[in-house]
Amino acid sequence: MWKQAYRRWSAGLREAVACIGMGLRDARHAGLWWRASLWCPAPTLLCLWLYYHYHAFFFKLAGRAGVFALFGGLTLLDGGLGMGSGGGGGQGKGYAHIMGDIARLLRDLVKFVMDLGLFLQFLLAALAMAGFFYVLLFAFANLTTVCLPLRWLLLRRAQRVAHTRYTGWQPRPLPALPPLSAWQWTRKILKLMLSLLVPVWSLYIVLRFVLEFNVRLMYLLAAEGVLDPQQRRALMHAQGPAITMLGLILCVLMLVPFVNLLIQALLCSSVCHLQRRGWINPTQAPPAPQLTA
């Protein structure tokens, strides 16, 4: 079971990296790169402005998300997360004294953590998760804002470029997923809600939702006119790990200066390649024609 899951997720990672590479290659065609570069700074500056002026709100939101991810949905019943802060320090210390203080602080911190009980260690882990979610929320909000006009701004151009790479491609039949009844949908939602109550496992669910949201949204838009609803559903189910890994890579690239200027072109192009590579055998496809920039 674990070996099969490892192979599935490692294959998804390789597929996501390949699609990112091809998306980066295609970003220089059809005016994708300069359209993306002109639009990206606006939402990025907006998110930076919001984080600067409402930093207390985002700190608290990240703290709640970190506690929720580690301890599950039962933390919603408490009165909130108290986070204190302190400041101050000596002035006029030399570099050696400062480094010595830092070394002693780290040593005392490690000893303090080891002496704590399991519950307090989980609390410290929650604080660390709060910092992680603080950065992740910025990348998620930025990427979501960037994606709003992509359907009209970049997606159709990226589809045309990707289509030239797979001329003559034939659909590969996938087993159709049976339609879900009303009871199956209800049971699926209840199972998801109960899973969110489980500590640590809720971290996996929250992270996967955040990473997949924008990729799945663009996946649905890119499938219009290419795949029918049943084919799209079957293909999205088969490419679940690749979609998650693609979202992870895009969130990381969203935090890299200058590279994030191409994030919209990378999202559209990589999703188009991911769909077509999942529906055909790329090794049997005819050679792609050369494109001019």
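Note on numbering: residues in each chain are counted from 1, in written sequence order. Reporting of local features is limited, given that this is a predicted model, to residues whose pLDDT is at least 70; pairs of side-chain atoms are given and counted only at 80 or more, and all residues count toward the totals for whole chains, interfaces and linings. Hydrogens are left out, water is left out, and the side-chain values use all remaining heavy atoms of the structure.

A.B. asks: What am I meant to see in the layout of surface pockets here?
C.D. replies: Think of a ball as big as a water molecule: rolled over the atoms, this probe shows where empty space is left. Using protein atoms alone on a 1 Å grid, points that fit a 1.4 Å probe yet trap it form a cavity, whereas open point sets bounded by protein on both sides within 12 Å along at least five of seven lines form a pocket; residues with an atom within 4 Å of a point count as lining. Grid points are joined across faces, edges and corners, and a volume is the space filled by probe spheres set on the points. Looking at the largest pocket, its volume works out to about 1,500 Å³. At the level of secondary structure, the elements contributing two or more residues to the lining of the largest pocket comprise helix 1 (2-26), helix 8 (182-195), helix 9 (201-222) and helix 10 (229-238). The residue inventory of the lining of the largest pocket, partitioned by class, reads 17 nonpolar, four polar and nine charged. Runs of H or I in DSSP of at least four residues are treated as helices and runs of E of at least two as strands, each being numbered from the N terminus. Throughout, the ten residues Ala, Val, Leu, Ile, Met, Phe, Trp, Tyr, Cys and Pro are labelled nonpolar, Asp, Glu, Lys and Arg are labelled charged, and all others, Gly among them, are labelled polar.

A.B. asks: Help me out: how do you make sense of the packing of helix 7 (residues 150-165) against helix 9 in this one?
C.D. replies: Working convention: axes come from line fits to C-alpha atoms, limited for helices to the stretch in contact. Angles between N-to-C directions cover 0 to 180 degrees. Interaxial distance between helix 7 and helix 9 falls to 11 Å at its minimum, and their mutual angle equals 65°. Read as a crossing pair, helix 7 and helix 9 show a hand that is right-handed. Along its contact with helix 7, which presents Leu150, Arg151, Leu155, Arg156 and Gln159, the element helix 9 presents Met218, Leu221 and Ala222. Tallied by class, residues from the contact of helix 7 with helix 9 come to five nonpolar, one polar and two charged. For any pair of crossing helices, the crossing counts as left-handed if the nearer helix is rotated counterclockwise from the farther one by less than a right angle, and right-handed if it is rotated clockwise. Contacts between residues were defined by any pair of non-hydrogen atoms, one from each residue, lying within 4.5 Å.

A.B. asks: What is the right way to look at the environment of proline 241 in this model?
C.D. replies: Summarising the element assignment, proline 241 is placed in helix 11 (residues 240-254). When accessible area is computed with a 1.4 Å probe and restricted to protein chains, residues below 20% of their type maximum are described as buried, those above 50% as exposed, and intermediate ones as partly exposed. Note on proline 241: relative accessible area 2%, which makes it buried. Once the C-alpha coordinates of proline 241 and leucine 13 are considered, the two residues, 228 residues apart in sequence, prove to be 7.4 Å apart. Leaving out residues up to four positions away in the same chain, proline 241 has contacts with Arg8, Trp9, Gly12 and Arg208.

A.B. asks: Help me understand the packing of aromatic side chains in this model?
C.D. replies: To describe a pair of aromatic rings, you give the distance between the ring centres and the angle between the ring planes. Aromatic rings from Phe, Tyr and Trp, taking only the six-membered ring of Trp, are treated as a pair when their centres fall within 6.5 Å; an angle between ring planes under 30 degrees marks them as stacked, one over 60 as edge-to-face, and anything in between as tilted. Taken as a whole and assessed by the stated rule, the structure comprises 10 aromatic pairs. Here tyrosine 51 and tyrosine 134 contribute two aromatic rings whose centre-to-centre distance is 4.9 Å and whose plane-to-plane angle is 55°, an arrangement assigned as tilted. Taken as a pair, tyrosine 51 in helix 3 (residues 41-53) and tyrosine 134 in helix 6 (residues 118-147) lie far apart in primary sequence, 83 residues in all. As far as burial versus exposure is concerned, tyrosine 51 and tyrosine 134 are alike and both buried. Aromatic pair phenylalanine 57 and phenylalanine 58: ring centres 5.3 Å apart, planes at 70°, arrangement edge-to-face. Its relative accessible area of 14% is what places phenylalanine 58 among the buried residues. Of the aromatic side chains, those joined through ring pairs into one cluster are Tyr51, Phe57, Phe58, Phe59, Tyr134 and Phe138.

A.B. asks: Just checking my understanding: could you explain unusual backbone geometry for this structure?
C.D. replies: Even without glycine at this site, phenylalanine 258 takes up a positive phi of about 70°. Relative to the assigned elements, phenylalanine 258 resides in the loop between helix 11 and helix 12 (263-279). Phenylalanine 258 gets classed as exposed once you look at its relative accessible area, which sits at 69%.

Geometric values such as these leave the question of function open.
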